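Below, each chain spelled out in residue letters.
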Amino acid sequence: LEDPATPDSIRHRLSTVAEFVFYSILTIRPRWEGGSFSGDENLRLELFEGAVRHPAVGSVDVELRASILPEVRDLARRQRKPLIVSYHDFERTPS
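Residues numbered from 1 in each chain as written. Predicted model: local features only at pLDDT ≥ 70, side-chain atom pairs only at ≥ 80, totals over all residues. Heavy atoms only, no water.

Undergrad: Before we move on, can you summarise the overall build of the chain with the specific residues and values?
TA: Helix and strand content of the chain: three helices and three strands. The globule rule puts the C-alpha radius of gyration for 95 residues at 12 Å, and the 13 Å found for the chain is close to it. Each principal axis of the C-alpha distribution contributes one length, and for the chain these read about 40 × 25 × 25 Å. Relative to its full complement of 95 residues, the chain shows a buried share of 37%. In the chain, once contacts between residues fewer than 6 apart in sequence are set aside, the share between residues at least 24 apart is 55%. (Helix = DSSP H or I, 4+ residues; strand = E, 2+ residues; numbered from the N terminus. Rg over C-alpha atoms; globule rule 2.2 N^0.38 Å. Buried < 20%, exposed > 50% of the residue type's maximum accessible area, 1.4 Å probe, protein only. Contact = heavy atoms within 4.5 Å.)

If you want it as structure tokens, here you go:
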């Protein structure tokens, strides 16, 4: 997502995906993991909470090093969405 991500911008993008009968992987990647989200973890968790119920979300992706991992895991479980726990090693993994 482009920064600043908002609940409305996320819903709009997910609704666009749903129009094509596709599923998406919900991720709100922070800058410290190579993404574009620059907000704090509380805001990121709020965005996950608002988006995970959308029917176009097929799975949820959160970083292994994220402080909100337990909460995002619980959100995914409650919505019966698969959880992807990602790890990015920018030093050793070629691009």
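The rest of the description comes next.
Undergrad: Give me the lowdown on the sheet that holds strand 2 (residues 57-63), citing residues and values where you can.
TA: Pairing is parallel across the open sheet formed by three strands, whose spatial order is 1-2-3. Single-partner strands in this sheet number two, and they are strand 1 (24-27) and strand 3 (83-86). The average angle at which neighbouring strand axes cross in this sheet is 30 degrees, direction not considered. Here strand 2 pairs with strand 3 via four bridges, running parallel. Within the sheet, the bridge partner assigned to Asp-61 lies in strand 3 and is Ile-84. Lying on the sheet, helix 2 (residues 41-51) is in contact with strand 1 and strand 2; it crosses strand 2 at an angle near 165 degrees. (Pairing = 2+ DSSP bridges. Axes fitted to C-alpha atoms, helices over the stretch in contact; angles between N-to-C directions.)

Undergrad: Describe in detail the pairing of strand 1, supporting the description with residues and values.
TA: Of the two faces of strand 1, the one holding Ser-24 and Leu-26 is buried and the one holding Ile-25 and Thr-27 is not buried anywhere. Relative to strand 2, strand 1 runs parallel, the two being bridged by four bridges. Bridge pairing in strand 2 links Thr-27 to Asp-61.

Undergrad: With reference to specific residues and values, describe the pattern of salt bridges.
TA: All told, the structure shown has seven salt bridges when counted by the stated rule. One salt bridge connects Arg-44 with Glu-41, and the closest N-O pair in it is separated by 2.8 Å. Of this pair, Arg-44 and Glu-41 both sit in helix 2, separated by three residues, roughly a single helical turn. Judged by relative accessible area, Arg-44 falls into the buried class, the value being 0%. (Salt bridge = Lys/Arg side-chain N within 4 Å of Asp/Glu carboxyl O.)

Undergrad: Summarise unusual backbone geometry; cite the residues concerned and give the values.
TA: In this structure, Arg-80 is a non-glycine residue whose phi angle is positive, near 55 degrees. Within the secondary structure, Arg-80 sits in the loop between helix 3 (69-78) and strand 3. Since its relative accessible area comes to 76%, Arg-80 is described here as exposed.

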